[in-house]
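Summary of the model geometry
This is what each chain is made of:
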Amino acid sequence: MAIAEQGTISIHTENIFPIIKKWLYSDHEIFLRELISNAVDAIKKMRMVSLSGEYSGEVGEPEIVITLDQDKNQLSITDNGIGMTAEEVKKYINQVAFSSAEEFVEKYKASEDQAIIGHFGLGFYSSFMVAKLVEIDTLSYQEGAEAVHWSCEGSTTFSLEASERTERGTTITLTLQEEEKEYLEEARIKQLVTKYCDFMPVPIKLGEEQINKQKAPWKESPSNLTDEDYLEFYRYLYPFQEDPLLWVHINTDYPFIVNGILYFPKIKPDIDVTKGQIKLFCNQVFVSDNCEEVVPQFLLPLRGVLDSTDIPLNVSRSFLQADRTVRQIANHVAKKVGDRLKELYREDRAKYISSWQDLGTFIKFGSINDDKFKKQVEDILIFRTTATLGADVPEGEGQEGDVWGDDKQADSYCTIQEYLERNKEKHENKVYYCTDEVNQATYVDLLKNQGIEVLYMDAFIDQHFVPFLEREYSDVKFLRVDAELDETLIDQDKPAEIVDPNTNQTRSDMIKELFEKSLNKPQLTIRTESLKGDNAPPAMLLLPESARRMQEMMAMMQNQAVQFPTEHTLMVNTAHPMIQNLINLSQGSVISGSGESPSAALSKQICEYVYDLALMAQKGFDADGMKSFTERSNQMLTKLTELAVK
Ligand SMILES: Nc1ncnc2c1ncn2[C@@H]1O[C@H](COP(=O)(O)OP(=O)(O)OP(=O)(O)O)[C@@H](O)[C@H]1O
């Protein structure tokens, strides 16, 4: 079809009112935030005009007063700001979406701390979400200005007339709709002022009483704040919570403006890392608790306040995420957080270490999630080690409850790089780690006694962090202490002694066979080695790293507890005197009638017992295992006592 007509689609203002009323903001309560923001702006503008010398009269103490009139069903907000002339009312109020803020700021070139809140020229109209009648009573600061009264009942018609007002400033009076009467309750208004306007820089009064805190600590210079000030602010924002570990004060005005105080709380295991607790402000006006779009995910466990006029807050979430400035701000905040951690590491190592349990979770989570952050913190990512590296903590500084315990003996911590460097000669590109200090104690001891250093990776997050480290250090092998025997633990020099000339069997072969027969578990691999060191146990279980990981992964995917791997190795220490005795015992010549000799039966029982003990060192027993272990123990003790009394 040929184009018959072209034109411009016209929008009628009549259509705009219902939209404002219904959909401008889904939350009706924010009308109060908008009107108070306008009042604060008017007061700031007055100060600016006065500073510019354009106004020489008294500015007076700034204040905003909220009045509630139950009888008239009215809520009003009065400020002693700049006021408006009839011309300004026509220009700024009648023309919806024509904000004077840009124009004003351009004219007076506002300094940063005087920044104006309003930008869009729609905030005022949000009052129609709750009011059936809105009135403005205003007198401009300008010489010779006449007070005016504007009123509108939520249609496109308004009336503008002269007013009796004699005081400079503006009063906005809302006659509330029937279903919005909650805004006549003092408690509701106080709650809203605390939520949105608590830190606005002008006293807000309900009658005689000031109901906002007014001071915004994040706008202060850090040098003016003491530790107690920071803690007090935290307790105010998050009452009944444990004090934070540390904080970072962000004060940036180039290339974007962002102020804030972020706190590191103690991290609870049940913390929801998808929900942020940082409060977003725009020019000291509370905007939202949803900081998920503005700060990188790994920073979500942090708490506190971020305030920026450069975050476009009236836009959709997806737009926010894609916004370049927002991304820059997010990166900047992350960098500041990293810097603060590095500063603590440098300047107060003892505190860093004593807070490591919480900071570590955060730093590891951040490293996994953000490459830039990882690079920033990799030199301060530490692990507790079995090596004694000299005191990280000066003598006498240990406190009860600190990681180095009551005996003031500091645990040592080091980075992966330091570990690798230090152990290069002994075992290049291998990291031995322990995930459970209690259950893996035997293995850790064995390695420690042979001078092999072990790192503790026993934090909740380490299960995910070890695979991450493996990707990072691709040529390094990470071995859990029970995964493999290090060559240095094995006495290689012991000659394979042939003890049975008929079969050519060595002692090791015989031990292996004895255990295989006695235990009769096809999935269990028996391995024999002669271990160095007097304290080496008679036997221990080895869980191959890859099989164990696979099991852990499956358990995680199915949301089940990790099962003990059925495929494992019982490593029998042929150098242990008990194992050596066992061979002699199994070959014992006592034959009693038909069947097994008593000594062979006893050696079988001891084999089972040795396996029990090795299992117990790893994971403990289930109910059946415990029962047979107790039975076996009692039988063995009975035999021992029989021997003793003979
Ligand atoms: N209490 C007041 N005193 C003086 N001028 C006011 C007052 N309230 C509103 N105005 C004027 O009306 C204009 C429009 O206000 P409105 O709240 O609609 O938009 P805004 O504050 O500029 O932007 P936003 O939509 O972000 O709130 C303001 O820019 C200001 O010039």
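Residues numbered from 1 in each chain as written. Predicted model: local features only at pLDDT ≥ 70, side-chain atom pairs only at ≥ 80, totals over all residues.

**Comments concerning the environment of Leu 306**
Within the secondary structure, Leu 306 is located in strand β13 (residues 303-307). For Leu 306 and Val 333, which are 27 residues apart along the polypeptide, the C-alpha to C-alpha distance reads 9.2 Å. Beyond its immediate stretch of four places on either side in the chain, Leu 306 contacts Val 258, Gly 260, Ile 278, Leu 280, Phe 281, Cys 291, Val 294 and Val 333. (Helix = DSSP H or I, 4+ residues; strand = E, 2+ residues; numbered from the N terminus. Contact = placed C-beta atoms within 7 Å.)

**Some points on the packing of helix α15 (residues 507-519) against helix α18 (residues 598-618)**
Packing of α15 against α18 brings their axes to within 9 Å, and their N-to-C directions diverge by 90 degrees. Looking at the two axes, α15 sits roughly perpendicular to α18. Contacts from Leu 514, Phe 515, Ser 518 and Leu 519 in α15 reach Ser 603, Lys 604, Cys 607, Glu 608 and Tyr 611 in α18. Of the residues belonging to the contact of α15 with α18, the class tally is five nonpolar, two polar and two charged. (Axes fitted to C-alpha atoms, helices over the stretch in contact; angles between N-to-C directions. Parallel < 35°, antiparallel > 145°, perpendicular 65-115°, else oblique. Nonpolar A, V, L, I, M, F, W, Y, C, P; charged D, E, K, R; others polar.)

**So, the sheet that holds strand β21 (residues 524-529)**
If you walk across this open sheet you meet the three strands as β21-β23-β22, and the pairing is mixed. Only two strands of the sheet have a single neighbouring strand rather than two, namely β21 and β22 (539-542). With strand direction ignored, the average angle separating the axes of adjacent strands in the sheet is 25 degrees. Pairing between β21 and strand β23 (residues 568-573): six bridges, direction parallel. Paired with Glu 529 across the two strands is Asn 573, which belongs to β23. Taken strand by strand, α15 contacts β21 and β23, and its axis lies near 155 degrees from that of β21. (Pairing = 2+ DSSP bridges.)

**Comments concerning the pairing of strand β4 (residues 148-152)**
Here β4 shows one buried face, formed by Val 148, Trp 150 and Cys 152, and one open face, formed by His 149 and Ser 151. As paired strands, β4 and strand β5 (residues 158-162) are joined by five bridges and run antiparallel to one another. Each bridged residue has a counterpart across the sheet, and for Cys 152 the counterpart in β5 is Phe 158. Between β4 and β5, which pair antiparallel one after the other, the connecting turn spans five residues, and Gly 154 there sits at a positive phi close to 80 degrees. (Buried ≥ 20, exposed ≤ 12 C-beta atoms within 10 Å, placed from the backbone.)

**Here's the deal with the pairing of strand β3 (residues 131-139)**
The sheet contact formed by β3 and strand β6 (residues 169-176) spans eight bridges and is antiparallel. In the sheet register, Val 134 faces β6, and the bridge partner there is Leu 174. When β3 meets β4, the two strands line up antiparallel, connected through five bridges. The partner of Ile 136 across the bridge, within β4, is Trp 150.

**Concerning the environment of Val 466**
Structurally, Val 466 is set in helix α14 (residues 462-472). For the pair Val 466 and Tyr 433, spaced 33 residues apart in the sequence, the C-alpha separation amounts to 9.5 Å. Contacts of Val 466, omitting those with residues within four sequence positions, involve Met 457 and Phe 478.

**Observations regarding the UniProt feature "binding site: ATP" (unreviewed entry) in the chain**
Mapped onto this numbering, the UniProt entry gives "binding site: ATP" (unreviewed entry) at Glu 34, Asn 38, Asp 79, Met 84, Thr 170 and Arg 317. With respect to the helices, strands and loops of the structure, Glu 34 is situated in helix α2 (residues 30-51). (UniProt positions renumbered as here; feature names shortened; annotations may be inferred.)

**Regarding the sheet that holds strand β8 (residues 209-210)**
Strand order in the open sheet formed by eight strands is β5-β4-β3-β6-β2-β1-β7-β8, with mixed pairing between adjacent strands. Edge strands, defined here as strands with exactly one partner in the open sheet, are β5 and β8. Where strand β2 (residues 74-79) and β6 come together, six bridges link them in antiparallel fashion. Across the sheet, the residue bridging to Ile 77 is Ile 172, located in β6. Packing against the sheet, α2 makes contact with β1 (64-69), β2, β6 and β7 (204-206), and its axis sits at approximately 20 degrees to β2. In the packing of helix α3 (residues 86-94) onto the sheet, the strands contacted are β3, β4 and β5, and the crossing angle to β4 comes to about 25 degrees.

**Some points on unusual backbone geometry**
Cis geometry marks the peptide bond from Tyr 254 to Pro 255, where omega comes out at 0 degrees. Along the chain, the position of Pro 255 falls in the loop between β9 (246-252) and β10 (258-264). A positive phi angle is found at Asn 73, which is not glycine, with a value near 65 degrees. Here Asn 73 shows up in the loop between β1 and β2. The residue Asn 429 is not glycine, and still its phi comes out positive at about 55 degrees. One can find Asn 429 in the loop between α12 (416-422) and β16 (430-434). Residue Asn 429 is classed as exposed on the basis of its 11 C-beta neighbours within 10 Å.

**Some points on the packing of helix α17 (residues 577-586) against α18**
Between two packed helices, the angle of one axis relative to the other and the distance separating the axes together describe the packing. Interaxial distance between α17 and α18 falls to 8 Å at its minimum, and their mutual angle equals 150 degrees. One way to sum up the angle between α17 and α18 is to call them roughly antiparallel. Between α17 and α18, the residues in contact are Leu 582, Leu 585 and Ser 586 and Ser 599, Ala 600, Leu 602, Ser 603 and Ile 606, respectively. A breakdown of the residues in the contact of α17 with α18 according to their chemical character gives five nonpolar, three polar and no charged.

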